[in-house]
Amino acid sequence: MKKALFTGIFLIIATVGWIWYSMNDLTPISSTTHIVSVELQADSSCKVTVSDPSKGHNRTKTETFESPSCSKLKGGDELTYRYLNEGKYLYIVSINKESTKDPLTGVIAKMIEHDGYFYIHVISPVFGKETFPIDKKDWKKLNIRSNITFYIDHWKHNIELL
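Computed from a predicted structure; not experimentally measured.

S.K.: So what about the packing of aromatic side chains? Which residues, and what values?
M.R.: With the rule as written, the count across this model stands at six aromatic pairs. For the ring pair Tyr89 and Phe127, a centre distance of 6.3 Å and an interplane angle of 50° mean the geometry is tilted. Of this pair, Tyr89 sits in strand β5 (residues 89-95) while Phe127 is found in the loop between β8 (117-124) and β9 (128-134), placing the two residues 38 residues apart along the sequence. Each member of the pair Tyr89 and Phe127 is classed as buried. An aromatic cluster is defined as three or more aromatic residues linked by ring pairs; in this entry it consists of Tyr89, Phe127, Phe132 and Phe150.

Take a look at the structure:
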């Protein structure tokens with residue numbers, strides 16, 4: 001009887017823990033910070049040391065970007081970037097509040113309409129799988145399995161087609 005009670009309590013605790021963990025996505029969506037230093041790589045990628053105020057005063061972290069905008073980065077710049085595919089790919093949205101318009105490409109896997117909002121699920125060999133908001137007029141022009149080229153201008157705004 002004690003064993004069954006212990007097992008039941010353990011299962012309840014495990015279930016509550018799993019639900020809490022599932023609801024609390026630990027991957028941030030986007031970040032704005034200042035650049036400390038930039039190390040350019042040969043393949044249009046770069047390692048950027050940025051300030052990390054979440055860890056305290058004068059703390060930094062290093063982020064890696066694959067972007068044509070890497071060559072424009074320099075110490076002291078304000079950098080806004082977005083985490084795609086649960087943080088596996090970082091996209092530079094703007095440098096000093098000026099949009100980079102770096103192109104992203106992929107194939108449309110799914111088109112979703114929900115409560116008057118429109119989304120496309122894109123699969124890319126560069127950034128993986130991600131869902132993006134899109135304007136209704138652009139959404140009507142697209143088809144599933146179509147190739148798409150676009151950029152992200154601002155967080156929480158629709159993507160812009162190229």
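S.K.: Any chance you could break down the sheet that holds strand β10 (residues 147-151) for me, citing the residues and the numbers?
M.R.: Spatial strand order, β9-β8-β7-β10-β11: five strands in an open sheet with antiparallel pairing. Both edges of this open sheet fall to β9 and β11 (160-161), since each of them pairs with a single strand only. Sheet analysis places β10 next to β11, joined by two bridges and oriented antiparallel. Bridging across to β11, Tyr151 finds its partner in Glu160.

S.K.: Residues and numbers for a nonpolar patch on the surface, please.
M.R.: Where nonpolar side chains cluster on the molecular surface, the patch consists of Leu5, Ile9 and Ile13 and spans about 310 Å² of accessible area. With respect to the element layout, Leu5 can be found in helix α1 (residues 2-23). Given the relative accessible area of 56%, Leu5 is considered exposed.

S.K.: Outline the state of the cysteines, listing residues and values.
M.R.: Inspection of the entire model under this criterion finds one disulfide. Between Cys46 and Cys70 runs a disulfide, and the two sulfur atoms are separated by 2.2 Å. On the sign convention where negative means left-handed, the S-S torsion of about -65° between Cys46 and Cys70 marks this disulfide as left-handed. One end of the pair, Cys46, is in strand β2 (residues 45-51); the other, Cys70, is in the loop between β3 (60-66) and β4 (78-84), with 24 residues separating them in the sequence. With a relative accessible area of 0%, Cys46 lands in the buried category.

S.K.: Quick one: what's the story with the nonpolar core, residue by residue and with numbers?
M.R.: One broad rule of soluble globular proteins: the nonpolar side chains tend to lie buried together. Ranked by internal contacts, the top residues of the largest apolar core, which has 19 residues, are Ile120 and Phe132. When residues of this core are traced back to their parent elements, those giving at least two are β5, β7 (104-114), β8, β9 and β10. Membership of the second largest hydrophobic core comes to 13 residues, among which are Val50, Leu73, Leu79 and Tyr83.

S.K.: Go over the pattern of salt bridges, please, and point to the residues and values.
M.R.: Enumeration over the complete set of coordinates arrives at five salt bridges. Across the pair Lys137 and Asp135 runs a salt bridge whose closest N-O atoms are separated by 3.9 Å. It is possible to trace a salt-bridge network through shared partners that takes in Asp135, Lys137, Asp138 and Lys141.

S.K.: Account for the pairing of β8, with residues named and values stated.
M.R.: Alternating positions in β8 separate cleanly, Phe118, Ile120, Val122 and Ser124 being buried on one face and Tyr117, Tyr119, His121 and Ile123 remaining unburied on the opposite face. Here β7 pairs with β8 via seven bridges, running antiparallel. Counterpart to Glu113 in the pairing with β8 is Phe118. Hairpin remark: β7 followed by β8, antiparallel, with two residues in the connecting loop; positive phi at Asp115, about 55°. Relative to β9, β8 is paired through seven bridges, and the arrangement is antiparallel. From the neighbouring strand, Ser124 faces β9, where its bridge partner is Gly128.

So, how was this worked out
Residues numbered from 1 in each chain as written. Predicted model: local features only at pLDDT ≥ 70, side-chain atom pairs only at ≥ 80, totals over all residues. Heavy atoms only, no water. Phe/Tyr/Trp six-rings, centres within 6.5 Å; stacked < 30°, edge-to-face > 60°. Helix = DSSP H or I, 4+ residues; strand = E, 2+ residues; numbered from the N terminus. Buried < 20%, exposed > 50% of the residue type's maximum accessible area, 1.4 Å probe, protein only. Pairing = 2+ DSSP bridges. Patch = residues over 30% accessible without salt bridge, like charges linked within 9 Å, V, L, I, M, F, W, Y side chains within 5 Å. Areas by Shrake-Rupley, 256 points an atom, 1.4 Å probe, with all protein chains shown as cover. Salt bridge = Lys/Arg side-chain N within 4 Å of Asp/Glu carboxyl O. Disulfide = S-S within 2.5 Å. Core = buried A, V, L, I, M, F, W, Y, C linked by side-chain atoms within 4.5 Å.

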